[in-house]
Amino acid sequence: MSDDNHILHAKSGDLTVGYGQGGRVKNAAVPVGTQPLLSYEGEIFGFTKEVGKGKIAVIGDAGLVSNGLYYFPGFENRAFVRKLIIDLIPHFTAGSKAMMDKLTYGMVSCATSENGITDKFFKTLRPDANFQVDHHYRHLTWDQDRDGLTADASAKELPFDVTVLSGKKSVTVTIPLLNVFEGSLTESIKVKMNVVETKPRDYINFFLAGNTFTKGLRWNNIGAPDSFDQISRLESVSTVMQAELSLRADGTLANAALRQGQIAYAVNENNAHYGYEIISSSSGTVYSPRRT
């Protein structure tokens, strides 16, 4: 074990990393084919190893990114972590790729009750979804198989133009509300998303996030069956939208992830839980380079 009263000054190349008071194995040999990642007085705290077409990093203690050590004076933990993540980017993502994989997934949740949306009724919303019980909440989850798309086609599916993001502080996007009933159409809304831009190595990264609150909707605006009107009156819908993406130096899309969350509040005074029917929905889409 390391000293309880000192933060060890481990080294990773030219970087000095505060390793904290975590555990370590003294005089232990690292696996064959690995490269030392962090060391202190000849003892190794972590290593990297190529696995298949990717790479894995093993670190003995997560304290170097927690307990205040991420920005601790005298150490370069932040620079170390950022460099490590960049170094772990698989080789097959280098250069423009013709094809990308697309994965979509989603969930709808509800606190069911005999005086509102019952378990039996709730299951009919997504008959082929996985049904899960969590306390008084019920969840329907699903995902769809990956589809091959070009990088350009993937970029065109995003709700914003990736070619004009650089330098912007915010963008306003038009997105459809998440549907409660599978396959149904929904109302579209506008969401202002703040934009944060970073430029690590050969990429330009963007993080976008925004939320909005919509009133005056009816159940059919979020794709719910007409029978919902007999149970409760939709009052408001809260929406949050996030996006993370990377562009290569030539401006083509390297990867992207979209996440949308939604909470619908409907008045039902017979619902013993809150006097409301509360339906939470979420969806996500991930575009990643196809392995070659």
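Residues numbered from 1 in each chain as written. Predicted model: local features only at pLDDT ≥ 70, side-chain atom pairs only at ≥ 80, totals over all residues. Heavy atoms only, no water.

## What about the side chain of Asn77?
Within the element layout of this structure, Asn77 appears in helix α1 (residues 77-87). Look at Asn77 and you get buried, because its relative accessible area is 0%. Those residues in contact with Asn77 that sit more than four places away from it in its chain are Thr16, Val17, Gly18, Leu64, Leu69 and Tyr70. (Helix = DSSP H or I, 4+ residues; strand = E, 2+ residues; numbered from the N terminus. Buried < 20%, exposed > 50% of the residue type's maximum accessible area, 1.4 Å probe, protein only. Contact = heavy atoms within 4.5 Å.)

## Regarding the nonpolar core
With 44 residues, the main nonpolar core has Phe160, Leu208 and Leu245 as its most contacted residues. Counting 12 residues, the second-largest nonpolar core is a separate cluster that includes Leu15, Leu37, Leu64 and Leu84. (Core = buried A, V, L, I, M, F, W, Y, C linked by side-chain atoms within 4.5 Å.)

## Let's talk about the packing of aromatic side chains
Evaluation of the coordinates by the stated rule reveals 4 aromatic pairs. Between Trp219 and Phe228, the aromatic rings sit 4.7 Å apart at their centres with planes inclined by 70°, giving edge-to-face as the arrangement. Directly above the ring of Phe131 sits Lys123, whose terminal nitrogen or CZ lies 4.4 Å from the centroid. Here the guanidinium or amino end of Arg126 rests over the ring plane of Trp142, the centre of that ring lying 4.0 Å away. (Phe/Tyr/Trp six-rings, centres within 6.5 Å; stacked < 30°, edge-to-face > 60°. Lys NZ or Arg CZ within 6 Å of the ring centre and 35° of its normal.)

## Notes on the pairing of strand β12 (residues 233-248)
Bridge count between strand β11 (residues 203-215) and β12: 13 bridges; the pairing is antiparallel. What sits directly across from Phe207, in β12, is Glu244. Note that β12 and strand β13 (residues 253-267) share 14 bridges and pair antiparallel. In the strand pairing of β13, Ser246 is matched with Asn255. Here β12 folds back onto β13 in antiparallel fashion, the turn holding 4 residues, of which Gly251 has a positive phi close to 90°. (Pairing = 2+ DSSP bridges.)

## Quick notes on the environment of Glu114
Its place among the elements puts Glu114 in the loop between β6 (100-110) and α2 (119-123). Separated by 157 residues in the primary sequence, Glu114 and Asn271 place their C-alpha atoms 8.2 Å from one another.

## Observations regarding the pattern of salt bridges
If you walk through the whole model with that rule in mind, you get 6 salt bridges. For Lys102, the salt bridge goes to Glu157, with nearest N and O atoms at 3.0 Å. Here the residue Lys102 occupies a position in strand β6, and Glu157 occupies one in helix α3 (residues 151-157), the gap between them amounting to 55 residues. Between Glu244 and Arg259 there is a salt bridge; the shortest N-O distance is 2.6 Å. Residue Glu244 is found in strand β12, and its partner Arg259 is found in strand β13; the two are separated by 15 residues along the sequence. (Salt bridge = Lys/Arg side-chain N within 4 Å of Asp/Glu carboxyl O.)

## Quick notes on unusual backbone geometry
Phi is positive for His135, which is not a glycine, with a value near 55°. Within the element layout of this structure, His135 appears in the loop between β7 (130-134) and β8 (137-149). For His135, a relative accessible area of 70% gives the class exposed.

## Brief notes about the pairing of β13
Across 12 bridges, β13 lies against strand β14 (residues 276-289) in antiparallel orientation. When the sheet's bridge partners are listed, Ala266 is paired in β14 with Glu277.

Bear in mind that shape data such as this cannot, by itself, settle questions of function.
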